[in-house]
Amino acid sequence: MTAAHAPAAPLAAAASGPLSGRVRPPGDKSVSHRSMIFGLLATGETKVEGLLEGEDVLRTAQAARQLGAKVVRHSPGSWSVWGAGLGSLLQPVETLDFGNAGTGSRLMMGVVAGHPIVARFDGDASLRKRPMKRILDPLALQGAQVLEQAEGGRLPLVLQGSAEPLPVEYKTPVASAQIKSAVLLCGLNSPGRTIVIEAEASRDHTEKMLAHFGAEVTSESYGPHGRKITLEGRPELVARPVRVPADPSSAAFPLVAALIAPGSDIVVEGVMTNPLRSGLLTTLQEMGADITLDNKREEGGEEVADMRARFSSLSGVDVPAARAPSMIDEYPILAVAASFAKGETRMRGLSELRVKESDRLAAIAAGLKANGVDCEIVGDDLIVRGGGVSGGGLVETHLDHRIAMSFLVMGLAARNKVTVDDETMIATSFPSFRPLMESLGARFS
Ligand SMILES: O=C(O)C1=C[C@@H](OP(=O)(O)O)[C@@H](O)[C@H](O)C1
Ligand SMILES: C=C(OP(=O)(O)O)C(=O)O
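Conventions adopted
Within every chain, residues take consecutive numbers counted from 1 along the sequence as written. Labels follow written order: the first chain is A, the first ligand is 1, and so on. In keeping with the predicted nature of the model, local features appear solely for residues at pLDDT of at least 70, side-chain atom pairs appear and are counted solely at 80 or more, and the whole-chain, interface and lining totals rest on all residues. Side-chain measures here rest on the full set of heavy atoms in the structure, leaving out hydrogens and waters. The angle between two axes is taken between their N-to-C directions and runs from 0 to 180 degrees, where each axis is a line fitted to C-alpha atoms and a helix contributes only its stretch in contact. Runs of H or I in DSSP of at least four residues are treated as helices and runs of E of at least two as strands, each being numbered from the N terminus. The cut-offs work like this: below 35 degrees is roughly parallel, past 145 is roughly antiparallel, 65 to 115 is roughly perpendicular, and the gaps in between are oblique. Crossing handedness follows the turn of the near helix against the far one: under a right angle anticlockwise gives a left-handed crossing, and clockwise gives a right-handed one. Contact between two residues is taken to exist if any of their heavy atoms lie within 4.5 Å; hydrogens are not considered. The nonpolar class holds Ala, Val, Leu, Ile, Met, Phe, Trp, Tyr, Cys and Pro. Asp, Glu, Lys and Arg form the charged class, and all remaining residues, Gly among them, are polar. UniProt positions are given in the numbering used here, feature names are shortened, and annotations may be inferred rather than shown by experiment. Classification of ring pairs rests on two measures: the distance between centres of Phe, Tyr or Trp rings, Trp counted by its six-membered ring, which must be within 6.5 Å, and the angle between planes, read as stacked under 30 degrees, edge-to-face over 60 and tilted in between. Classification of residues uses two cut-offs on accessible area relative to the type maximum, computed with a 1.4 Å probe and protein chains only: under 20% is buried, over 50% is exposed, and between them is partly exposed. Whether a charge lies above a ring is judged from NZ of Lys or CZ of Arg, which has to be within 6 Å of the ring centre and within 35 degrees of the ring normal. Residue ranges assigned to each domain were obtained from an automatic or database domain assignment. The quantity reported as buried area is the accessible area (1.4 Å probe) lost by two parts once they are put together, taken as the sum for both. Salt bridge, as used here, is a side-chain nitrogen of Lys or Arg placed within 4 Å of a carboxyl oxygen of Asp or Glu. N or O atoms closer than or at 3.5 Å make up a polar contact, with two conditions inside protein: a donor-capable atom paired with an acceptor-capable one, and, for residues adjacent in sequence, both atoms drawn from side chains. DSSP bridges decide pairing: two strands pair if at least two such bridges lie between them. A cutoff of 4 Å decides nearness: a residue is near a molecule or strand if any of its heavy atoms lies inside that distance of it. The protein chains shown are the only cover counted for residues, whose accessible areas, like all others here, come from Shrake-Rupley with a 1.4 Å probe. In this analysis the probe radius is 1.4 Å and the grid spacing 1 Å, with only protein atoms considered; a cavity is a set of points the probe fits into but cannot get out of, a pocket is an open set with protein on both sides within 12 Å along at least five of seven lines, and lining residues have an atom within 4 Å of a point. For this analysis, a molecule is said to be in a pocket or cavity if more than half of its atoms are within 2 Å of the grid points defining it.

(A) Structural detail: the packing of helix H11 (residues 360-370) against helix H12 (residues 401-411). Between H11 and H12, the least distance of the axes is 11 Å, while the angle of their chain directions is 25°. Considering their axes alone, H11 and H12 lie roughly parallel with respect to each other. H11 and H12 meet at a crossing whose hand is right-handed. Each of Arg-360, Ala-363, Ile-364, Gly-367 and Leu-368 in H11 lies in contact with H12, whose residues at this interface are His-401, Arg-402, Ile-403, Phe-407 and Met-410. Here the residues of the contact of H11 with H12 sort into 6 nonpolar, 2 polar and 2 charged.

Structure representation (structure tokens):
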């Protein structure tokens with residue numbers, strides 16, 4: 001069995017007046033997971049600074065240990081991984097339990113699939129509902145075998161990897177960095193060349209880290225919005241230092257809070273501005289958000305900037321489906337911003353939201369309605385008719401951190417307080433959410 005969840009802890013947010021101050025959100029979750037995984041696959045000591053110490057990443061660190069790495073925490077955010085080395089992973093004795101983490105579990109399936117070992121994967125009630133077939137299908141083409149699985153290709157499952165994964169050319173059926181990364185990570189131990197084609201470009205942290213650790217990898221455009229990634233197998237992966245930039249998906253919460261709480265003026269420091277993660281920023285600016293970027297610089301191979309956000313009069317916009325991959329985790333908080341905007345916001349092409357930690361499309365709509373916001377799901381689109389939020393509602397979070405944080409932000413500017421039924425799972429991605437928001441003046445109870 002997987003670890004039991006902490007008992008649910010409801011939390012409410014009330015209108016708090018202007019927010020002010022400077023904050024730095026924790027390290028990026030995608031980069032943090034990958035730092036542990038590449039540390040495991042490289043030889044030597046990978047030093048990581050600014051690691052997100054969220055539960056999801058801690059699960060990946062634990063799985064890396066189970067597969068043969070030595071993983072040590074020196075001080076907050078400062079970690080070292082001594083890798084087992086590509087091709088030399090250990091057979092794990094216990095189940096690899098990924099808790100709530102889609103990224104950790106799916107990327108590690110790719111790693112296991114490229115090694116002659118058998119591993120059992122499991123997770124919490126949310127992760128057990130999420131589709132794994134999208135990962136297992138390409139891994140089977142590469143030579144892995146699923147020995148056991150729950151109905152519909154779900155966790156818990158047992159995966160047997162291959163000593164010599166086959167080189168494949170794989171076109172991902174949906175824009176997903178997790179599918180792309182699993183195929184590439186398995187392909188690392190293939191004697192040939194692995195090619196992944198995506199019709200819509202998804203976040204490129206795996207490609208960047210492959211190159212950083214010494215693999216030969218190229219990425220070229222494919223069609224109007226896509227990429228073709230080519231990886232030469234069996235590289236010498238050598239440990240490299242990783243500096244994790246601040247997570248734009250976490251920065252989204254204080255930024256939107258400042259936009260909707262009258263009189264606010266805040267700075268969020270060191271936020272990664274990778275264009276494949278910046279769809280929310282583009283959309284908010286189209287809505288009239290007063291967000292400016294200062295002190296642009298490079299950190300850990302990524303562009304970062306300090307973002308200043310001030311209370312703004314927002315207007316509804318039409319968000320094209322092609323933008324979804326670059327803001328996929330930000331729709332819950334965008335829906336909150338849209339609730340305070342004048343007019344209608346239509347967010348198109350959100351089918352992938354149905355398979356996240358919860359069915360986010362349904363969870364967002366239910367939370368908005370519970371707080372007096374007029375909204376509608378039409379096909380895969382979400383339409384929000386803004387103009388202010390009465391609040392007063394209780395939001396069901398379904399073990400979904402982004403739903404919990406988004407609706408707590410809503411409460412900071414609603415006419416009545418907004419309560420979420422559970423805040424414990426916020427620790428999966430943003431353990432310091434509450435003190436960070438309180439340092440800006442947010443009121444929770
Ligand atoms: O690769 C990653 O680090 C992630 C990819 C995205 O998932 P999909 O690949 O399912 O779109 C995103 O939702 C998740 O939070 C992190
Ligand atoms: C979808 C998310 O994460 P994961 O897929 O890693 O569970 C998220 O953090 O919003």
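We are not done yet, so read on.
(B) Highlighting the UniProt feature "domain: Enolpyruvate transferase" (unreviewed entry) in the chain. UniProt's feature table lists "domain: Enolpyruvate transferase" (unreviewed entry) at residues 16-434, given in the numbering used throughout. Summarising residues 16-434: 30% helix, 27% strand, and an end-to-end C-alpha distance of 14 Å.

(C) Region of the structure containing the packing of aromatic side chains. Under the criterion given, the structure shown has 5 aromatic pairs. Measuring from ring centre to ring centre gives 5.4 Å for Phe-38 and Phe-213, while their planes differ by 35°; the resulting arrangement is tilted. You can see Phe-38 sitting in helix H1 (residues 29-41) and its partner Phe-213 sitting in the loop between helix H7 (205-212) and strand E12 (217-222), a full 175 residues away along the chain. Taking the relative accessible area as the measure of exposure, Phe-213 reaches 2% and is therefore buried. Measuring from ring centre to ring centre gives 6.1 Å for Phe-253 and Phe-433, while their planes differ by 90°; the resulting arrangement is edge-to-face. Remark: Phe-433 occurs in helix H13 (residues 433-439) and Phe-253 occurs in helix H8 (residues 248-260); sequence separation between them is 180 residues. Grouping residues by exposure puts Phe-253 and Phe-433 together as buried. Taken together, the aromatic side chains of Phe-253, Phe-430, Phe-433 and Phe-444 make up a single cluster linked through ring pairs. Above the ring of Trp-82, the side-chain terminus of Lys-70 is found at 4.6 Å from the ring centroid.

(D) Layout of the domain arrangement of the chain. Segmentation of the chain into domains returns domain 1 (11-27 + 245-444) and domain 2 (29-234). Using C-alpha coordinates to define each centre, domain 1 is positioned 28 Å away from domain 2. On the side of domain 2, 27 residues touch domain 1, which itself brings 25 residues to the contact. Of the roughly 2100 Å² buried where domain 1 meets domain 2, counting both sides, 50% is carbon and sulfur surface. At the surface where domain 1 touches domain 2, the tally comes to 4 salt bridges. Asp-329 serves as the salt-bridge partner of Arg-203, at 3.7 Å between the closest nitrogen and oxygen. Our count for the contact surface shared by domain 1 and domain 2 stands at 14 residue pairs in polar contact (both at pLDDT 80 or more). Along the lines of polarity and charge, the residues of the side of domain 1 that touches domain 2 split into 11 nonpolar, 6 polar and 8 charged.

(E) Here's a closer look at the pairing of strand E13 (residues 226-232). The pairing of strand E11 (residues 193-198) with E13 spans 6 bridges and is classified as antiparallel. Paired with Glu-198 across the strands is Arg-227, a residue of E13. Pairing analysis gives 6 bridges linking E12 to E13, with the strands arranged antiparallel. Looking at E13, one finds that Ser-219 is bridged to Ile-229. Adjacent in sequence and paired antiparallel, E12 and E13 are bridged by 3 residues, among which Gly-223 carries a positive phi angle near 65°.

(F) Quick look at the site of ligand 1. Neighbouring residues of ligand 1: Lys-29, Ser-30, Arg-34, Thr-103, Ala-175, Ser-176, Ala-177, Gln-178, Arg-203, Ile-328, Asp-329 and Lys-356. Contact distances for ligand 1 include 2.7 Å between an oxygen atom and a side-chain N or O atom of Ser-30. Against a free-state accessible area of 390 Å², the protein chains account for coverage of 94% of ligand 1. At a threshold of 2 Å from the grid points, most atoms of ligand 1 map onto the largest pocket. Taken together, the elements giving at least two residues each to the shell around ligand 1 come down to H1 and helix H6 (177-187). Tallying contributions element by element places H1 first for the shell around ligand 1, with 3 residues. Residue composition of the shell around ligand 1, by class: 3 nonpolar, 4 polar and 5 charged. Split by domain, the shell around ligand 1 shows at least three residues from each of two domains, domain 1 (11-27 + 245-444) and domain 2 (29-234).

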